[in-house]
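Observations on chain architecture
Listed here are the chains, written in short residue letters.
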Amino acid sequence: MTSAMKVTILVDNERVSSGLQVEHGLSMWIETPWGSVLFDTGKGGALGSNAAALGIDLLQADAVVLSHGHYDHTGGLPEMLGKGLAAPIYAHPDALEAKYSRDSDGRERFAGMPLLAAGGEDWEEVKARFVAILRPTGITGEIFVTG
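Residues numbered from 1 in each chain as written. Predicted model: local features only at pLDDT ≥ 70, side-chain atom pairs only at ≥ 80, totals over all residues. Heavy atoms only, no water.

1. Focus on the pattern of salt bridges
As a reminder of what qualifies: Here a salt bridge means any side-chain nitrogen of Lys or Arg lying within 4 Å of a carboxyl oxygen belonging to Asp or Glu. We call a residue buried when its accessible area falls under 20% of the maximum for its residue type, exposed when it is over 50%, and partly exposed in between, using a 1.4 Å probe and counting protein chains only.
Under the defined criterion, the tally for this structure stands at five salt bridges. Salt-bridge contacts for Lys83 lead to Glu79; the nearest nitrogen and oxygen are separated by 3.1 Å. Taking relative accessible area as the criterion, Lys83 reaches 46% and is therefore assigned partly exposed. Here Arg107 ties to Asp105 by a salt bridge, and the two come within 2.7 Å at their closest N and O atoms. What makes Arg107 exposed here is its relative accessible area of 56%. According to the relative accessible area criterion, Asp105 is partly exposed, its value standing at 48%.

See below:
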């Protein structure tokens, strides 16, 4: 059986509408008959305002899925947690590990989840709601993640 699914790009590197913010990163809102999923949260800053401009209430998410643990896919989590997002957070456990990149001059810089670097209550909340994905797992209805 095939069911309708709607995917809305919330954060991207490219402007598609003058009313939306652009930033390096990605976030998508996935709506299905079984629930809604926030897939990644962008770098931070654009997520909330873009969702509001598109008429999407992110607090209605049934789940948050993180593709991986880089800042440009997880940076919007602090804002969403501060607004009361209560959904479980699904990701591979490696997403919670520190990530680094090397600049052209050889210096390392932190490139992981901003909450990991900051620690504190928000980080503890993420860990408490974290669902480790190690194999194909159903999130809601017909939405699965591979692990």
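Picking up after the structure, the text goes on.
2. Things to note about the nonpolar core
Formally: Nonpolar cores were defined as sets of buried Ala, Val, Leu, Ile, Met, Phe, Trp, Tyr and Cys residues, with membership established by side-chain atoms within 4.5 Å. Each helix is a run of DSSP H or I of at least 4 residues and each strand a run of E of at least 2, with the numbering of both proceeding from the N terminus. In this analysis, two residues are considered to be in contact whenever any of their non-hydrogen atoms come within 4.5 Å of each other.
In this structure, Leu10, Leu38, Leu58, Val64, Leu77 and Val126 are the most contacted members of the largest nonpolar core, which totals 26 residues. Those elements that place two or more of their residues in this core are strand 1 (6–11), helix 1 (46–53), helix 3 (77–82), strand 5 (89–91) and helix 5 (120–129). Excluding residues within four positions of it along the chain, Leu58 makes contact with Leu10, Trp29, Leu38, Leu47, Ala51, Met80 and Leu85. Formed by nine residues, the second largest nonpolar core is a distinct cluster that contains Val37, Val65, Ile133 and Val145.

3. So, the environment of Ala46
With respect to the helices and strands, the residue Ala46 is situated in helix 1. On the accessibility criterion, Ala46 (0% relative accessible area) is buried. For the pair formed by Ala46 and Val22, sequence separation is 24 residues and the distance between their alpha carbons is 6.8 Å. Filtering out sequence-adjacent residues up to four positions away, Ala46 remains in contact with Val11, Gln21 and Glu23.

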